[in-house]
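Residue-level structure breakdown
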Amino acid sequence: NAQKNNVLQYMKLSEDDDFLNFRGEGTDWAYTSGFKFEMYYSKNKAPRFPSNLLMKVTGKADNLYGWGISQSMYTPNEIDKTTIQYGERPYCGITYATHTLVSTSLEKQQKLTTGLSLGIIGKYSFAGDAQRIIHGLINYQKPLGWENQIKTDIIINYGILYEHLLFNPTPNLEVIGNL
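Owing to the predicted nature of the structure, the values given are computational and were not obtained by experimental measurement.

A separate point is the confidence of the model for the protein. In low-pLDDT regions, the fine details of the predicted coordinates are not to be read closely. Per-residue confidence for the protein gives a mean pLDDT of 90, with 90% of residues at or over 70. No element of the protein has a lower mean pLDDT than strand β1 (residues 7-17), which averages 87, and none a higher one than strand β5 (residues 110-121), which averages 98.

Here is the structure:
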């Protein structure tokens, strides 16, 4: 019975924010923040929809499937303005779910990562709400222009990353090409 179930391999939680930088000067300009939670697992049975839309390396391969939820936010340089700032990056929030397959062949020295993402851009991404909450918690400048963000729409993306080992001159150095 246990062989019929998926086996969780690992979970990954990541957060990045341009407030945290080497200069020690918090900013909110262009890409301002992102959050991602992912779970990866191996399947012990044939993939069904939507997993069957993802591509595998041919032949013998280790296949890890993943599900994730992400949110990204972008702001102009001056977040204390309520008006549109022409010539600047507009306010933009994106929230999306991703289903991923990482297919690796040690024999062929290649890895193929494919992912299908579905989400929303705009007001219902709740990125503006998230930024206002975080700024309130850290007592930082209140972002005032989120009502000017890019209009709401649905986003769909299919991503492909192919990697191949080019050469391995020492045990601690690999040169990998990717497309």
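This next bit is on the sheet that holds strand β7 (residues 173-178). As summarised here, the arrangement of the seven strands in space is β1-β2-β3-β4-β5-β6-β7, forming an open sheet in which the pairing is antiparallel. Bordering the open sheet on either side are β1 and β7, each of which pairs with just one other strand. Put simply, the sheet's adjacent strands are angled 20° from each other on average, direction ignored. Summarising the sheet, strand β3 (residues 62-75) and strand β4 (residues 92-105) pair through 13 bridges and their orientation is antiparallel. When the bridges of β4 are listed, Ser-70 appears paired with Tyr-96. The strands that helix α1 (residues 127-137) touches are β2 (30-42), β3 and β4; relative to β3, the one it contacts most, it runs at about 70°.

Okay, the packing of aromatic side chains next. Working definition: an aromatic ring pair is given by the centre-to-centre distance plus the angle between the planes. Enumeration over the complete set of coordinates arrives at five aromatic pairs. When the ring of Tyr-31 is compared with that of Tyr-74, the centres are 5.4 Å apart and the planes differ by 65°; the resulting orientation is edge-to-face. Taken together, the positions of Tyr-31 in strand β2 and Tyr-74 in strand β3 put the pair 43 residues apart, joining distant regions of the chain. What makes Tyr-74 buried here is its relative accessible area of 17%. A cation over a ring is seen here: Lys-43 above Tyr-65, with NZ or CZ 4.9 Å from the ring centre.

Moving on to the environment of Lys-12. Mapped onto the elements of the fold, Lys-12 is located in strand β1. Of the residues examined, Lys-12 reaches a relative accessible area of 41% and is grouped as partly exposed. Considered as a pair, Lys-12 and Gly-68 are 56 residues apart in the sequence and their alpha carbons are 9.0 Å apart. Not counting residues within four places of it along the chain, the set of residues in contact with Lys-12 comprises Lys-36, Phe-37 and Glu-38.

Calculation criteria
Residues numbered from 1 in each chain as written. Predicted model: local features only at pLDDT ≥ 70, side-chain atom pairs only at ≥ 80, totals over all residues. Heavy atoms only, no water. pLDDT = per-residue confidence, 0-100. Helix = DSSP H or I, 4+ residues; strand = E, 2+ residues; numbered from the N terminus. Pairing = 2+ DSSP bridges. Axes fitted to C-alpha atoms, helices over the stretch in contact; angles between N-to-C directions. Contact = heavy atoms within 4.5 Å. Phe/Tyr/Trp six-rings, centres within 6.5 Å; stacked < 30°, edge-to-face > 60°. Buried < 20%, exposed > 50% of the residue type's maximum accessible area, 1.4 Å probe, protein only. Lys NZ or Arg CZ within 6 Å of the ring centre and 35° of its normal.

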